[in-house]
Structure formats: C-alpha cells, structure tokens
Amino acid sequence: MAKKSELSIRALRTFIGDKPILRGVSLQIRPGEIHAVMGPNGSGKSTLCHALVGDPNFKVEGGASLDGKDLLGLDINERSRAGLFLSFQTPPAVPGVSVANYLRTIYNAARAPAAPISIAEFEKIVKQEMAALRMDEAFLDRYLNDGFSGGEKKRCETLQMALLQPRYVLLDEIDSGLDVDALKIISHDIMRLQKERKFGLLVITHYARILQYLKPDYVHVLNRGRIIQSGTAALAARIEKEGYDKIVGKEGGEGGMAGLDEEGA
Ligand code: ADP
Ligand code: MG
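Computed from a prediction, not measured in an experiment: that's the story for all the values here. (Residues numbered from 1 in each chain as written. Chains lettered and ligands numbered in written order. Predicted model: local features only at pLDDT ≥ 70, side-chain atom pairs only at ≥ 80, totals over all residues. Heavy atoms only, no water.)

Enquirer: Please set out the confidence of the model for the protein chain residue by residue, giving values where relevant.
Expert: Interpreting fine coordinate detail is not advised for predicted regions of low pLDDT. Averaged over all residues, the pLDDT of the protein chain equals 91, while 93% of them reach at least 70. The model gives residues 255–265 a pLDDT under 50, and that stretch makes 17 contacts with residues more than four places away or in other chains. (pLDDT = per-residue confidence, 0-100. Contact = heavy atoms within 4.5 Å.)

Here's what the structure looks like:
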C-alpha cells in the first residue's frame, strides 16, 4: 500500500499504440525530498512526466498515488487539484491569451469547486508572487510564451508553480534552452520556494549541471523506459564525468541519439 504522505509511482508502464515506452518505473517521493531522474535522450523522461499529470495521449498501466489518493483514475485537472504540478520542457505559446488571463484561469480552476476570485483579488496575489520572484509586472500583459526567451518561459512556469502551491513538482528539463545565468536565477527561485513550502520535487534532466543548484537527495538513471540505477548526488557527478555510456553499459541508450534533440519533447 502507498504511504500517506508521498508521491508513489508503482511499476508504471506506458504505451504509444502498442509500443512500450515506460517499462515499469517505481519511485517514491516524500514532501521536502528532491529526486533527480537523469537519462539519455529518448529514455522516457518526458513520458514519465506526462503520464503522471494525466496527458490523455498516453495509455498507462501500473499504479500512481499522491498522498494516498489514486492518480490514474483522475483527469489532468483533478490531478492538478490533488497537488501535482508539471513545468513543461517546451511550454507552448498561446498568442491572444495574456499571461494574466491564463494565470487567473488556472488559479481559479485549481480552487474549484470554490468560487473564482475577483480580478482585483487575483492581481494582488499574483503581484506578490511576482515581487518575490523579482519579475516585472509588465509580463502580465504579454501573450503567454509568445516571443518569450527561454529564460522568460521557464520563469513563467516558476510563477505558475508559486501561484498553484503544489505538493509535488515535476520539472521536465527546466535547464533546456537556458543560458548559465538564467539557469542560476531560476534554480535559485525554485530552491527558495521548495525550502519555504517543502514540496516534493522531481528534477528531470539530461545534464548534471542543474543539480549543482537543485541539490538532489536521490538520483535515478532512466534508460529505455526503466530505472537502471539509483543513488545519491555522487551518481550525477559520475554521469557528468563519464557520460551515460558507462552507466547504461551493454543495455545501450537510444543509439546515436546522445547529444541530439536537446529541445525535443
Ligand atoms: P526523453 O524525454 O527522455 O528524451 P521521451 O519521453 O520524449 O524521452 O520519449 C521516449 C520515447 O518515446 C522515444 O523513443 C520517443 O521517440 C517516443 N515517443 C514519445 N512521444 C511519442 C509520440 N507522440 N509518438 C511516438 N513516439 C513517441
Ligand atoms: Mg524530454
């Protein structure tokens, strides 16, 4: 049985058509813990995130629960309301929808069935969070992710996380498309929020670099849809030094894909 206070993933399998992608992933994340899942391109990192938050494009088997509540029977909005948040690897642009309107919509959806809050009340809350993140309020009037730099997109994701106050946060390659300075700023913001609110954090990454800032308690290596090794931060340091080849060994990665498709889905 799943323990009460944890995000519990049990023998999770996903399929696209008949093709298995995740082939039995198990992971337990308690509030306040930081876990990293590292893996070569195509190993199933994004699939794990999307399957957990309830992306309807994936057929999922196995078990997943959040603080004892079964997740797999819930739709994407119900999972968000249960306290799960995903920061997308490539957040989509939505021309015509302002950041303010988008944030208010997701904020009210997360509060449902409670009545939506007024625009004025919402502005007060969002501006407080933006001040803590040192974000310019002019941001609110721009169209969502439209023409945003890599750093702006990820800061917008961080603002959503701050607003929704999730219990468990999944970051899908938040380091992709960021330069070193933006990576530092965003990691610092996420660590501050994590220390303050003590959510469980799953950092998905190809590169060990971000783990210098988002310091994981546990590191897991995903390869071809399976966790093939788990350890401490020392495992990430080893991957940084030796690359994935030595770790994935004879199982192999996706073959010739390493280093490609850094911005891929
Ligand atoms: P990662 O995030 O680790 O790079 P993904 O989870 O994006 O890997 O992909 C895992 C595997 O699933 C890859 O082999 C990829 O080609 C396949 N895959 C992902 N999405 C789709 C899709 N929509 N259709 C077909 N195959 C897909
Ligand atoms: Mg990915």
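Enquirer: Residue-level account of the coordination of the magnesium ion (ligand 2), with values.
Expert: Ligation of the magnesium ion (ligand 2) by protein atoms is provided by S46 (OG) and Q89 (OE1), these donors lying 2.1 to 2.5 Å from the ion. With S46 in helix α1 (residues 45–53) and Q89 in the loop between β6 (84–87) and β7 (94–98), this pair connects stretches of sequence that are 43 residues apart. Take Q89: its relative accessible area is 6%, and that puts it in the buried class. (Donors = N, O, S within 2.8 Å, 3.2 Å for Na, K, Ca; no water. Helix = DSSP H or I, 4+ residues; strand = E, 2+ residues; numbered from the N terminus. Buried < 20%, exposed > 50% of the residue type's maximum accessible area, 1.4 Å probe, protein only.)

Enquirer: Describe in detail helix α5 (residues 150–164), supporting the description with residues and values.
Expert: Taking 1.5 Å of rise per residue, 15 residues should cover 21 Å, and α5 covers 22 Å from first to last C-alpha, within 8% of that figure. Among all positions of α5, only G151, K154, C156, E157, T158, L159, Q160, M161, A162 and L163 are buried. Looking at the buried residues of α5, the elements they touch are β6, α3 (99–111), α4 (119–132), β8 (143–144), β9 (168–172) and α6 (180–197). Just downstream of α5, Q165 is the residue with a positive phi angle, here 50°. (Expected span 1.5 Å × (residues − 1).)

Enquirer: So what about the pairing of strand β10 (residues 200–205)? Which residues, and what values?
Expert: Where burial is concerned, most of β10 is hidden: 6 out of the 6 residues are buried. Of the two faces of β10, the one lined by G200, L202 and I204 and the one lined by L201, V203 and T205 are each fully buried. Relative to β10, strand β3 (residues 34–38) runs parallel, the two being bridged by 5 bridges. Bridging across to β10, M38 finds its partner in T205. (Pairing = 2+ DSSP bridges.)

Enquirer: I'd love a proper account of α1, names of residues and values included.
Expert: Counting buried residues along α1, 9 of its 9 residues qualify, which places the element largely inside the surrounding structure. Within α1 the residues assigned to the buried category are K45, S46, T47, L48, C49, H50, A51, L52 and V53. A positive phi of about 95° marks G54, the residue just after α1.

Enquirer: Run through unusual backbone geometry, naming residues and quoting values.
Expert: Of note, the amide linkage connecting A112 to P113 takes the cis form, showing an omega dihedral of 5°. Tracing the sequence through the fold places P113 in the loop between α3 and α4. You will see that D67, though not glycine, has its phi angle at about 50°, which is positive. When its relative accessible area of 18% is taken as the criterion, D67 is described as buried. The phi dihedral of R224 is positive, around 50°, even though this residue is not glycine. Along the chain, R224 turns up in the loop between β11 (218–223) and β12 (226–231). Given a relative accessible area of 35%, R224 falls into the partly exposed group.

Enquirer: Outline the packing of aromatic side chains, supporting the account with residue identities and numerical values.
Expert: A complete count under the given rule lists 2 aromatic pairs for this structure. Geometrically, the ring pair formed by F139 and F148 is tilted, given 5.1 Å between the ring centres and 45° between the ring planes. The same class applies to F139 and to F148, which are both buried. Positioned above the aromatic ring of F15, the side-chain terminus of K59 is 4.7 Å from the ring centre. (Phe/Tyr/Trp six-rings, centres within 6.5 Å; stacked < 30°, edge-to-face > 60°. Lys NZ or Arg CZ within 6 Å of the ring centre and 35° of its normal.)

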